[in-house]
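Results of the structural survey
Below, each chain spelled out in residue letters.
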Amino acid sequence: MKTSYFRICLAVVILGFAACSTAPDKIGNLDLQKWRGDRGGCKNERLGIQNEFKAVEEQLKGKFIDDIGEILGRPDIHQLGERNLKYYVYFFEKGPQCENIMSKSEAAKVVLKFNAVGLLSEITYQTRPL
């Protein structure tokens, strides 16, 4: 009885510490504070760190959708696809999306594709409107 109570208490403490963790400030050379602070790419700061993002994309693949949201911040666009696929879109540069996020934009962007279990499986770069 005491061991099961101890295990439950230990699990609660571990979960408590995990819930209090903060998002990292950097991954490799990618300044995540600058990334998260440039919502919609409207300050063009993400454009200046695009190469750093490409350098760490392999470190991002395989992470869960909630972890990516914590690391990179809330996506500029969140889309649902067929068969429980999800897409996060982050713009690199200023464009029509800065005035109205629903506007079709040819601004440079990165699209993160999450599989049905919520793992980041693919990263693509594009300029065509969504």
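Source: prediction; values computed, not measured.

A few words now on the state of the cysteines. In protein structure, a disulfide is the covalent linkage between the sulfur atoms of two cysteines. Inspection of the entire model under this criterion finds one disulfide. In this model Cys42 forms its disulfide with Cys98; the gap between the sulfur atoms is 2.0 Å. Judged by the sign of its S-S torsion, about -110 degrees, the cystine formed by Cys42 and Cys98 is left-handed. Remark: Cys98 occurs in the loop between β4 (86-91) and β5 (109-114) and Cys42 occurs in the loop between α2 (32-37) and α3 (45-48); sequence separation between them is 56 residues. Note on Cys42: relative accessible area 25%, which makes it partly exposed.

With that out of the way, let us pick up the side chain of Asp76. Relative to the helices and strands, Asp76 resides in the loop between α5 (65-72) and β3 (77-80). Of note is the side chain of Asp76, whose polar atom sits 2.9 Å from the backbone nitrogen of Gly40. Separated by 2.7 Å, the side chain of Asp76 and the backbone nitrogen of Phe91 make a polar contact.

What follows covers the pairing of β5. The element β5 is extensively covered by neighbouring structure, given that five of its six residues are classed as buried. As paired strands, β4 and β5 are joined by six bridges and run antiparallel to one another. Note on β5: the bridge partner recorded for Val89 is Val111. Where β5 meets strand β6 (residues 120-126), six bridges bridge the pair, whose relative direction is antiparallel. Bridge pairing links Val110 to Tyr125 in β6. The loop that links β5 with its antiparallel partner β6 comprises five residues; one of these, Gly118, has a positive phi angle of about 90 degrees.

About the cut-offs
Residues numbered from 1 in each chain as written. Predicted model: local features only at pLDDT ≥ 70, side-chain atom pairs only at ≥ 80, totals over all residues. Heavy atoms only, no water. Disulfide = S-S within 2.5 Å. Helix = DSSP H or I, 4+ residues; strand = E, 2+ residues; numbered from the N terminus. Buried < 20%, exposed > 50% of the residue type's maximum accessible area, 1.4 Å probe, protein only. Polar contact = N/O pair within 3.5 Å; in protein donor to acceptor, adjacent residues only side chain to side chain. Pairing = 2+ DSSP bridges.

Such coordinate-based values are descriptive only and should not be taken to indicate function.
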